[in-house]
Amino acid sequence: GNSPTELELAIENHLKEFPNSPRRAELERALIKTAIELNDDARLLEFGEQVLSRDPDNMQLLEHLSAAQLHQGDKADAQRALDHTRHFSDLIEATYQNEKFEPGGGPAEVKRKEDFDRGRARVLLLEARANGLLGHTSDAVQSAESSYKIFASVEAAREAARWLSAAGKNQE
């Protein structure tokens, strides 16, 4: 068959059988692409850093690898995720640095502004989770609340509540 899961397995088996394959980088990139589609944390964690070392500005990989690292719940992964998230944030800012986002710019302008806000909100959400796991609850609360203010989402509200609760501020 040609399911994404079978593709992952075929590539992985090929890489095990031929670890020095001249197409290794290309195959790992394909594996990461499929892992992102399948939300496959295990493969993102196994191959993500490798692919990122060759393609450090891959925003999609930075986001998904950070999320996978945060799902692990430990401080070492949370610190790596925080580092990736900061780079992801810099890339978003650089991508949109010359935008004015002026009213009346039309549908394309509105979409770019929404993409920018969504990206910034996502970064702040990942930062909140990483800071919370690292024990920096006030930073976690601040990032989650900022994320919600930029782009209101259930996930951001939940993250803010999680770290407010952890900080013992349930009444907020």
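All values derive from a computational prediction rather than experimental measurement.

Trainee: Got a minute to help me understand the overall build of the protein in this structure?
Mentor: Tallying secondary structure elements over the protein gives eight helices and zero strands in all. Starting at the N terminus and ending at the C terminus, the protein contains elements arranged as α-α-α-α-α-α-α-α. Principal axes of the C-alpha set define a box for the protein whose edges measure 55 × 45 × 30 Å. Put simply, the protein has 172 residues, and 37% of those count as buried. Put simply, 50% of the contacts in the protein that link residues at least 6 apart link residues at least 24 apart.

Trainee: In this structure, what is going on with the side chain of Glu8? I would like to understand it.
Mentor: Position of Glu8 relative to the elements: it lies in helix α1 (residues 4–17). Filtering out sequence-adjacent residues up to four positions away, Glu8 remains in contact with Leu31, Thr34, Ala35, Leu38, Asp40 and Arg43.

Trainee: For this particular structure, what's the right way to read the nonpolar core?
Mentor: Nonpolar side chains in soluble globular proteins generally cluster together in the buried interior. By size, the foremost hydrophobic cluster in this structure holds 22 residues, and its most contacted members are Leu15, Ile32, Leu44, Leu61 and Ile92. Non-local contacts of Ile32, meaning those with residues more than four positions away in its chain, are made with Arg43, Leu44, Phe47, Gly48, Val51 and Leu61. Membership of the second largest hydrophobic core comes to 13 residues, among which are Leu126, Ala130, Val141 and Leu164.

Trainee: I keep staring at the confidence of the model for the protein and nothing clicks. Help me out?
Mentor: When pLDDT is low, close inspection of the predicted coordinates is not appropriate. In this model, the protein carries a mean pLDDT of 93, and residues with pLDDT of at least 70 account for 98%. Across the protein, helix α4 (residues 59–72) holds the top mean pLDDT of 97, while α1 sits lowest at 91.

Trainee: What's the story with the pattern of salt bridges in this structure? I'm lost.
Mentor: Opposite charge on two side chains permits pairing when their charged atoms draw close. Applying the stated criterion across every chain yields a total of 17 salt bridges. A salt bridge links Glu12 to Arg43; the shortest N-O distance between them is 2.8 Å. Within this pair, whereas Glu12 is found in helix α1, its partner Arg43 is found in helix α3 (residues 41–54), the two being separated by 31 residues in sequence. For the pair shown, Glu12 and Arg43 are each scored as buried.

Trainee: Sorry, what's going on with the packing of aromatic side chains here?
Mentor: For any two aromatic rings, the description comes down to two numbers: the centre-to-centre distance and the angle of the planes. Counted according to the given criterion, the structure contains three aromatic pairs. With a centroid separation of 6.3 Å and an interplanar angle of 35°, the aromatic rings of Tyr96 and Phe101 are classed as tilted. Within the aromatic cluster, the residues linked to one another by ring pairs are Tyr96, Phe101 and Phe116. Directly above the ring of Phe101 sits Lys113, whose terminal nitrogen or CZ lies 5.4 Å from the centroid.

Rules used in this analysis
Residues numbered from 1 in each chain as written. Predicted model: local features only at pLDDT ≥ 70, side-chain atom pairs only at ≥ 80, totals over all residues. Heavy atoms only, no water. Helix = DSSP H or I, 4+ residues; strand = E, 2+ residues; numbered from the N terminus. Buried < 20%, exposed > 50% of the residue type's maximum accessible area, 1.4 Å probe, protein only. Contact = heavy atoms within 4.5 Å. Core = buried A, V, L, I, M, F, W, Y, C linked by side-chain atoms within 4.5 Å. pLDDT = per-residue confidence, 0-100. Salt bridge = Lys/Arg side-chain N within 4 Å of Asp/Glu carboxyl O. Phe/Tyr/Trp six-rings, centres within 6.5 Å; stacked < 30°, edge-to-face > 60°. Lys NZ or Arg CZ within 6 Å of the ring centre and 35° of its normal.

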